[in-house]
Amino acid sequence: MKLPIYLDNHATTRMDPRVLDAMLPYFTELYGNAASRNHEFGWAAEVAVDKARKQIADLIGATPKEIIFTSGATESNNLAIKGVAEMYAEKGNHIITAATEHKAVLDTCKKLEKGGCRVTYLPLKADGLIDLDMLRESITDKTILVTIMYANNEIGVIQPIAEIGKICRERGVLFHTDAVQAAGKIPVDVNKDNIDIMSITGHKLYGPKGVGALYVRRKGPRVQITAQMDGGGHERGMRSGTLNVPGIVGLGEACELARKEMPEESKRMAFLRDKLRAKLEAGLDEVFINGSMEHRLPGNLNMSFLYVEGESLLMGINDVAVSSGSACTSATLEPSYVLKALGLGDDLAHSSIRFGIGRFSTEEEIDYVADKLVDVVSKLRELSPLYEMVKEGIDLSTVQWAAH
Amino acid sequence: MAYSDKVLDHYNNPRNVGSLDKKAANVGTGMVGAPECGDVMKLQIRVNDESGIIEDAKFKTFGCGSAIASSSLATEWLKGKTVDEALRIKNTDIVNELALPPVKIHCSVLAEDAIKAAISDYRTKQVASVSAKQPELVGQLVA
Ligand SMILES: Cc1ncc(COP(=O)(O)O)c(C=O)c1O
């Protein structure tokens, strides 16, 4: 076993060596521009791009023409939401999203609010799921778009996407989903799930960074979005710019591998995840699972280790790469807004760790991480005045803290 | 975040972890911070009745590595000092000793506050125990 151990697969994934092999020729001999229609270099690139389009479409039940290449999911989300807001401005100006979305969605919505759109940020239930009745009630005749992520990047909670899509379809509202964490990990089908627009990115499914895609439905309904960059009119006019051929080839290959290996792989990841959870729960008291366990990505575990602060915990497991919802570990010095949206107190958010198990995780690694965590949490609890008070029978919620 | 060697040393080998009898008259307890803010420090001192010197100090801290290191260092510095000398420990001394980056300065402030709170608790108890002993003393004098 090699240290450090990588268990942060929601942040990014290691590229699969098979993906790299597929990409390499397009950096060297096959360097054509896919838009060059009059020579062999261009044709070779175009063939490669078309193949990738099909590989991506096959993973999500789409047709190749519905795939628009982008630089990643941040761009895909921006293009989808701003593009719809602009295209359908005459129909309405209301967008519905949820409080636990990725910043690429939330900040895009905030920007649109400044430009006169109205945005509803749906709260979440304690288990991280949205309330479908609340969604229904929020839709008005001015609503043009609902954007709700498929699976959350912190707690791995999977939303009832097919039902959300059905509600939108019934009400004649477009439905966009950020499927970055779900695509390639669990079955995603744009038709069964009633999805109109969907964002994915290469680097979360063992593909390269800096390349993503946007699925844009062509039939029932035919979705139109206004381009957000002006230029050569590539990608059916929705996204100009010379295509990143090696990246696109990598994204395509990654999607094909994910499609073929998903049944086996998701079982293996769920086994490892459940083992990690069981070992942590056997070795420690006062641990708390954040978000629904039932509706969750197979590779995700998000746990709070009560009375231990997240950054000090990360320090103790410095040969394990995970992330924490603690304020100390975030750039903004605020605890995770996702955990707060579930109604967790800041104290639970400060004590949380996100584990992201991936394709290359091994059972030996999981055993090592579990043992190490039990050890470090126990040590830090010896140091924790909160744990001591709780063990003395003091209810912490009744304490008057000399807050800073 | 990269930690200084001294922060790592205190984190890996925290000094003076534990608790003193908070009911004892010569023990002062300071608890500062709040769980929602991500730091709570408990710092205790035991003062020698005769010499007025802090003969033991203990801490427990919920917080990041720098908070743990700041309080661990504080207990080291407190031992052997008089209460008045202890009051002169400044958060900037802790920042310098541990090479804390700007985002971690609040950890040192918290440690200074914990020292002050522990001393204040100790002094309050002393006043209370002196006045409680007064009638007894008077009685002895009369006898
Ligand atoms: C849910 C979600 N959406 C969007 C993104 C952004 O993706 P990208 O890094 O490709 O811009 C991420 C990853 O950071 C994510 O987890």
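Before any of the text, the structure's been laid out above.
Please read these numbers as outputs of a predicted model, since none were measured by experiment.

**Q** Now, about the overall build of chain A: what can you tell me, with residues and values included?
**A** Looking only at helices and strands, chain A has 12 helices and 13 strands in total. In terms of C-alpha radius of gyration, chain A reaches 22 Å, essentially the compact-globule figure of 22 Å for 404 residues. C-alpha extents for chain A along the principal axes are approximately 75 × 50 × 35 Å. For chain A, the residues scored as buried account for 59% of the 404 residues in total. Within chain A, residue pairs in contact and separated by at least 24 positions form 72% of the contacts whose partners lie at least 6 positions apart. Only carbon and sulfur atoms are counted for the fraction: they give 53% of the accessible area of chain A, which is about 16600 Å². Across chain A, the centroid of the 47 positively charged side chains sits 6 Å from that of the 55 negatively charged ones.

**Q** With reference to specific residues and values, describe the interface of chain A and chain B.
**A** Listed per partner, the contact involves 27 residues of chain A and 31 residues of chain B. Roughly 2500 Å² of surface becomes buried between chain A and chain B when both sides are summed, with 66% attributable to carbon and sulfur atoms. For A:Glu388, the salt bridge identified is with B:Lys42, shortest N-O distance 2.7 Å. One can count 13 residue pairs in polar contact (both at pLDDT 80 or more) joining chain A with chain B.

**Q** Before we move on, could you go through the sheet that holds strand β2 (residues 39-47) of chain B and cite the residues and values that matter?
**A** All names here are of chain B. As summarised here, the arrangement of the 3 strands in space is β1-β2-β3, forming an open sheet in which the pairing is antiparallel. Every other strand in the sheet has two partners, leaving β1 (27-34) and β3 (54-62) as the edge strands with one partner each. Averaged over all pairs of adjacent strands, the angle between strand axes in this sheet comes to 10 degrees, irrespective of strand direction. Examined bridge by bridge, β1 and β2 share 8 bridges and lie antiparallel to one another.

**Q** Give me the pairing of strand β13 (residues 352-356) of chain A: which residues, what numbers.
**A** Residues and elements named next belong to chain A. The buried count for β13 comes to 5 of 5 residues, which makes it a mostly enclosed element. Residues of β13 alternate between two faces, with Ser 352, Arg 354 and Gly 356 on one and Ile 353 and Phe 355 on the opposite face, all of them buried. Sheet topology note: the strand β10 (residues 300-305)/β13 ladder contains 5 bridges and is antiparallel. Bridged to Asn 300 within β13 is Gly 356.

**Q** An account of the environment of A:Thr226 is requested, with residue identities and associated values reported.
**A** All names here are of chain A. Residue position: Thr 226 is located in the loop between β8 (212-216) and α7 (245-283). With 139 residues separating them along the chain, Thr 226 and Met 87 place their C-alpha atoms 5.4 Å apart. Setting aside anything within four residues of it in sequence, one finds Thr 226 in contact with Leu 79, Gly 83, Glu 86 and Met 87.

**Q** Account for the side chain of B:Asp39, naming residues and giving values.
**A** With respect to the element layout, B:Asp39 can be found in strand β2. B:Lys104 is the oppositely charged side chain nearest to the buried, salt-bridge-free B:Asp39, at an N-O distance of 6.9 Å.

**Q** Now, about the site of the ligand: what can you tell me, with residues and values included?
**A** Residue and element names in this part refer to chain A. Taken together, 13 residues form the shell around the ligand, and within it Thr 74, Asp 178, Gln 181, Thr 201 and Lys 204 come nearest. With respect to the ligand, the side chain of Thr 201 contributes an N or O atom lying 2.6 Å from an oxygen atom. Separating an oxygen atom of the ligand from a side-chain N or O atom of Lys 204 is a distance of 2.9 Å. Contact with the protein chains removes 84% of the 390 Å² of surface that the ligand exposes when unbound. For the shell around the ligand, the element with the highest residue contribution is helix α3 (residues 73-87), accounting for 3 residues. Here the residues of the shell around the ligand are counted per class, giving 3 nonpolar, 8 polar and 2 charged.

Definitions and cut-offs
Residues numbered from 1 in each chain as written. Chains lettered and ligands numbered in written order. Predicted model: local features only at pLDDT ≥ 70, side-chain atom pairs only at ≥ 80, totals over all residues. Heavy atoms only, no water. Helix = DSSP H or I, 4+ residues; strand = E, 2+ residues; numbered from the N terminus. Rg over C-alpha atoms; globule rule 2.2 N^0.38 Å. Buried < 20%, exposed > 50% of the residue type's maximum accessible area, 1.4 Å probe, protein only. Contact = heavy atoms within 4.5 Å. Areas by Shrake-Rupley, 256 points an atom, 1.4 Å probe, with all protein chains shown as cover. Lys, Arg positive; Asp, Glu negative; His and termini not counted. Charge placed at Lys NZ, Arg CZ, Asp CG, Glu CD. Buried area = accessible area lost by both parts, 1.4 Å probe. Salt bridge = Lys/Arg side-chain N within 4 Å of Asp/Glu carboxyl O. Polar contact = N/O pair within 3.5 Å; in protein donor to acceptor, adjacent residues only side chain to side chain. Pairing = 2+ DSSP bridges. Axes fitted to C-alpha atoms, helices over the stretch in contact; angles between N-to-C directions. Near = heavy atom within 4 Å. Nonpolar A, V, L, I, M, F, W, Y, C, P; charged D, E, K, R; others polar.

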